[in-house]
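Topology and contacts: notes
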Amino acid sequence: MFHSFFPEPKKFFLSALLWTAVTVAFWYLFGDSLGTALGLPPLAEGQQPPIGLGHFFTTASIWFYIYFLAAMAIFCAFWQVYAADHPWRTWSVWGSAFIIFTVYFSVDISVALNNWRRPTYDRIVEALKAPNTVGYAEIYGYVFTFFQLATVYIVSAVLISFFTSHYLFRWRTAMNDFYYSVWPKVRHIEGASQRIQEDTMRFATTVEGLGVRLVDSFMTLIAFLPVLHALSASIKELPVVGAIPYPLVTAAIFWSLFGTVMLAIVGVKLPGLEFRNQRVEAAYRKELVYGEDHADRAQPLTIRELFANVRKNYFRLYFHYMYFNVARYFYLQTDNIFPLFLLVPSVVAATITFGLMQQIQGAFAQVTSSFQYLVNSWPTVIELISIYKRLKAFEAAIDAKPLPDIDEQFIAAGGVEELAR
């Protein structure tokens, strides 16, 4: 699943984590001082960042992008040389680095948009107090600024999507070539053709999607936690708990962990049920395919029995998803109003402006969304686990190792029909 595309996956991903930790630690310890020495100092204390495209051209932004690109180039160059014999190293190493960079750029656009909120909504409130308090040009200027940022986002999103599609197909090609090269070892596995044709595509797509969202969550935390920490200075107390240190950051972490743990407990049975669902579907489809060429296959009694297994597993899946979705949707809907709930004491005391309130809500939503990675991705994680379990049988057969537990259960039960029960 991984070594067909990535060079020495365990070493590669471990080195990526270690290099990330080193570069992040170095940035927070020496980044500002090094940037100042190079003539690219950070914003002065109390200085508001520019609104609009100027956000990307401050000395602090330019220095960060130089540092970020240099760190990635060093890492990729090492693996380009170290894994010189790996046929997919250019796409897997440099392609992954490019995707990570584009994810951060998207997050940086979100930071620029969040900075736009405060002055824009503050001026709108001023305009609503009395006629002609604020001129047309100023309001239209804020609107134009938004469209500038939106245009940058749209162009980058389209280009990223185009590149990612090619990246995913290369990964699928690598897996397809590898599995086909060992076809004699895996052809006896239940649904082998489907696993090569469909599961390789779904696995690459799902892992890439989850991986990008994970990186996006990490980058968002790096970008927005300092913003939320700075905005916490304007919040004197929270409902129920009163005054606490770093109130917005603390509330964001608590709320996100609560949702993640709750949904992990509620949805614990779903991965196994999704795997069994793929099993019974594969058996049903396989019999129908045999029936196309052999008159004695796909007989009514056999088809009814196989479809009954499909029906039974789906109905069981629907039941478990029902209570899982109750918990998930209730949490996500509450999440929409939670920032406003936190700001009620500050709103009643009139210690914040409407623009600041919008900026706080935007930053809080970004931070909680990052901490809620598993909450937002749980259905996809469930699907990925079921796909992984199917492909894991290929890995076991190729390496002459025992089959995964659930495949052993299948064989011991005498087939898909019994396992579904």
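Quick caveat, the model's predicted, so the values are computed rather than measured.

Brief notes about the overall build of the protein chain
Along the protein chain, the regular secondary structure elements total 13 helices and 0 strands. Sequence-ordered secondary structure for the protein chain, helices as α and strands as β, is α-α-α-α-α-α-α-α-α-α-α-α-α. Taking all 421 residues of the protein chain together, 44% fall into the buried category. A total accessible area of about 22,400 Å² is found for the protein chain, and carbon and sulfur atoms account for 68% of it.

Considering the packing of helix α1 (residues 9-37) against helix α2 (residues 59-82)
Between α1 and α2, the least distance of the axes is 11 Å, while the angle of their chain directions is 150 degrees. Here α1 is positioned roughly antiparallel relative to α2, judged by the angle of their axes. By crossing handedness, the relation of α1 to α2 is classed as right-handed. When α1 is examined against α2, the residues K11, F12, S15, A16, W19, T23, F26, W27, G31, L34 and G35 are found in contact with a partner set consisting of W63, F64, Y67, A71, I74, F75, W79 and Y82. Its residues assigned to classes, the contact of α1 with α2 comprises 14 nonpolar, 4 polar and 1 charged.

Observations regarding the UniProt feature "transmembrane region" (unreviewed entry) in the protein chain
Feature annotation in UniProt places "transmembrane region" (unreviewed entry) on residues 12-30, 62-81, 93-113, 139-163, 210-231, 243-268, 314-331 and 337-357, given in this structure's numbering. Between the C-alpha atoms that bound residues 93-113 there is a distance of 31 Å. The span itself is 100% helix and 0% strand. The straight-line gap between the two end C-alpha atoms of residues 139-163 is 37 Å; of that span, 100% is helix and 0% is strand.

So, a nonpolar patch on the surface
A cluster of nonpolar residues, F26, L29, F30, L34 and L38, forms a patch on the protein surface that exposes about 480 Å² of accessible area. Tracing the backbone shows F30 in helix α1. We classify F30 as partly exposed; its relative accessible area is 42%.

Remarks on the pattern of salt bridges
Under the defined criterion, the tally for this structure stands at 3 salt bridges. For K11, the salt bridge goes to E8, with nearest N and O atoms at 3.1 Å. Given a relative accessible area of 38%, E8 falls into the partly exposed group. For E126, the salt bridge goes to K129, with nearest N and O atoms at 3.1 Å. Taken as a pair, E126 and K129 lie in helix α3 (residues 89-129) at a separation of 3 residues, close to a single helical turn. Residue K129 is classed as exposed on the basis of its relative accessible area of 60%.

With respect to the side chain of Q359
Along the polypeptide, Q359 turns up in helix α10 (residues 354-371). For Q359, a relative accessible area of 6% puts it in the buried group.

Quick word on the packing of aromatic side chains
Under the defined criterion, the tally for this structure stands at 45 aromatic pairs. Here F5 and W171 contribute two aromatic rings whose centre-to-centre distance is 5.6 Å and whose plane-to-plane angle is 15 degrees, an arrangement assigned as stacked. Of this pair, F5 sits in the segment before α1 while W171 sits in helix α4 (residues 136-181), and the two are 166 residues apart along the sequence. Both rings, one in F12 and one in F13, keep their centres 5.2 Å apart while their planes meet at 80 degrees; by these two values the pair is edge-to-face. Judged by its relative accessible area of 4%, F12 falls in the buried class. Judged by relative accessible area, F13 falls into the partly exposed class, the value being 34%.

Notes on the confidence of the model for the protein chain
The predicted model of the protein chain has a mean per-residue pLDDT of 80, with 82% of residues at 70 or higher. Within the protein chain, α2 carries the highest mean pLDDT (94), whereas helix α13 (residues 416-420) carries the lowest (40). Note that pLDDT drops below 50 for residues 410-421; the model gives that stretch 26 contacts with residues more than four away or on any other chain.

Section: the nonpolar core
Core analysis: the largest hydrophobic core is formed by 68 residues, its most contacted members being W171, F203 and L228. When residues in this core are grouped by element, the largest group, 11 residues, is from helix α6 (residues 192-231). Not counting residues within four places of it along the chain, the set of residues in contact with L228 comprises L248, V249, A252, I360, A363, F364 and V367. If you look at the next biggest cluster of nonpolar residues, it comprises 8 residues, including L263, L270, Y321 and F324.

Comments concerning unusual backbone geometry
For E8, which is not glycine, the phi dihedral falls at a positive 45 degrees. Not every positive phi belongs to a glycine, and N132 is a case in point at roughly 60 degrees. Here N132 is to be found in the loop between α3 and α4.

A few points about the packing of α2 against α3
Packing of α2 against α3 leaves a shortest axis separation of 9 Å and a crossing angle of 165 degrees. Classified by the interaxial angle, the pair formed by α2 and α3 is roughly antiparallel. Like other packed secondary-structure pairs, α2 and α3 cross with a definite hand, here right-handed. For the pair formed by α2 and α3, the contact residues are F64, Y65, F68, L69, M72, A73, C76, A77, W79 and Q80 on the first element and R89, T90, V93, W94, A97, I100, F101, Y104, F105 and D108 on the second.

Cut-offs applied
- Residues numbered from 1 in each chain as written.
- Predicted model: local features only at pLDDT ≥ 70, side-chain atom pairs only at ≥ 80, totals over all residues.
- Heavy atoms only, no water.
- Helix = DSSP H or I, 4+ residues; strand = E, 2+ residues; numbered from the N terminus.
- Buried < 20%, exposed > 50% of the residue type's maximum accessible area, 1.4 Å probe, protein only.
- Areas by Shrake-Rupley, 256 points an atom, 1.4 Å probe, with all protein chains shown as cover.
- Axes fitted to C-alpha atoms, helices over the stretch in contact; angles between N-to-C directions.
- Parallel < 35°, antiparallel > 145°, perpendicular 65-115°, else oblique.
- Left-handed = near helix turned anticlockwise from the far one by under 90°.
- Contact = heavy atoms within 4.5 Å.
- Nonpolar A, V, L, I, M, F, W, Y, C, P; charged D, E, K, R; others polar.
- UniProt positions renumbered as here; feature names shortened; annotations may be inferred.
- Patch = residues over 30% accessible without salt bridge, like charges linked within 9 Å, V, L, I, M, F, W, Y side chains within 5 Å.
- Salt bridge = Lys/Arg side-chain N within 4 Å of Asp/Glu carboxyl O.
- Phe/Tyr/Trp six-rings, centres within 6.5 Å; stacked < 30°, edge-to-face > 60°.
- pLDDT = per-residue confidence, 0-100.
- Core = buried A, V, L, I, M, F, W, Y, C linked by side-chain atoms within 4.5 Å.

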